[in-house]
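# Secondary and tertiary structure notes
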Amino acid sequence: MQNEVIWAPWRLAYITSASETDRPEAADLLDGGDPACFLCRCAAPGDEKRKWVIARGRATVTVMNCYPYNNGHLLVAPLRHVADIAQLSAEEDAEIAAEIKRMVATLSRILNPEGFNIGVNLGRVAGAGVPGHLHWHIVPRWGGDTNFMATVAGTRVIPQSLEALWNALTAETATGGH
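Residues numbered from 1 in each chain as written. Predicted model: local features only at pLDDT ≥ 70, side-chain atom pairs only at ≥ 80, totals over all residues. Heavy atoms only, no water.

With three bridges joining them, strand β1 (residues 53-56) and strand β2 (residues 60-64) adopt antiparallel strand pairing. Following the sheet pairing, A55 is matched in β2 by T62. Where β1 hands over to β2, the hairpin turn is made up of three residues, counted between the paired strands. (Pairing = 2+ DSSP bridges. Helix = DSSP H or I, 4+ residues; strand = E, 2+ residues; numbered from the N terminus.)

See the structure below:
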């Protein structure tokens, strides 16, 4: 079987930015943050675009997934490094729910998806890639998003660069969608 190559040059900046020297010191993180956790690094104030942060609230941060299942794949996480859903505060629960609703509305306006998958993986055996920091996935879906590449080559094609999506989402959230 011959391998197909899909050129995705926008990913190089993300891959090279994940080096150990890019990790902040614990002093640069929020209280209790883990320097090895990319969500804790995103929760810390800093270059929002470099970290693909779309929005931050009093208790949450919303970031683009750099390895998206589909175009527009977002993650909503508490600012606090917490793995146990039972340990979320009432404020975190409420803000997570409100942010998921807000991002679904924002993605609907920008990308016009036909549906969404929304969920959280609790624990490594459940598929959590970052089991130490809870996060909810918001994945826009379209009727034709199971394109032939995934069927014949185990490959997905994401049609929009991370930068273009970040620009569209942050512009839309800054104006409140009006």
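Right, picking up where we left off after that structure.
Let us look at the side chain of H135. Structurally, H135 is set in the loop between β4 (115-120) and β5 (136-141). Under the relative-accessibility criterion, H135 is labelled buried at 8%. Reaching out from H135, the side chain makes a polar contact with the backbone oxygen of H133 at a distance of 2.9 Å. Apart from residues no more than four positions distant in its own chain, H135 is found in contact with L39, L75, V76, A77, G119, V120 and V130. (Buried < 20%, exposed > 50% of the residue type's maximum accessible area, 1.4 Å probe, protein only. Polar contact = N/O pair within 3.5 Å; in protein donor to acceptor, adjacent residues only side chain to side chain. Contact = heavy atoms within 4.5 Å.)

Overall, antiparallel pairing links the five strands, which are arranged β1-β2-β3-β5-β4 in an open sheet. Two strands in the sheet have a free side with no partner beyond their single neighbour: β1 and β4. With direction set aside, neighbouring strand axes in the sheet form an average angle of 20°. With three bridges connecting them, strand β3 (residues 74-78) and β5 associate as antiparallel partners. The partner of V76 across the bridge, within β5, is W136. Here helix α4 (residues 90-111) sits on the sheet in contact with β1, β2, β3, β4 and β5, set at roughly 20° to β5. Across the sheet, helix α6 (residues 162-174) lies against β1, β2 and β3, angled at about 25° from β1, the strand it touches most. (Axes fitted to C-alpha atoms, helices over the stretch in contact; angles between N-to-C directions.)

Let us now look at the pattern of salt bridges. Taken as a whole and judged by the stated rule, the model has six salt bridges. We note a salt bridge from R80 to E92, for which the minimum N-O separation is 2.8 Å. A residue pair is termed long-range when its members are at least 10 positions apart, and R80 in the loop between β3 and α4 and E92 in helix α4 qualify at twelve residues. (Salt bridge = Lys/Arg side-chain N within 4 Å of Asp/Glu carboxyl O.)

Once that is clear, we can look at unusual backbone geometry. In this model, W52 sits at a positive phi of 60°, which is unusual for a non-glycine residue. Positionally, W52 belongs in the loop between α3 (48-51) and β1.

What follows concerns α6. Helix length check: α6 (13 residues) gives 18 Å between terminal C-alpha atoms against 18 Å at 1.5 Å per residue, within 8%. Check the buried side of α6 and you find it contacts α3, β1, β2, β3 and α4. Downstream of α6 by a residue or two, G176 has a phi angle that is positive, lying close to 75°. (Expected span 1.5 Å × (residues − 1).)

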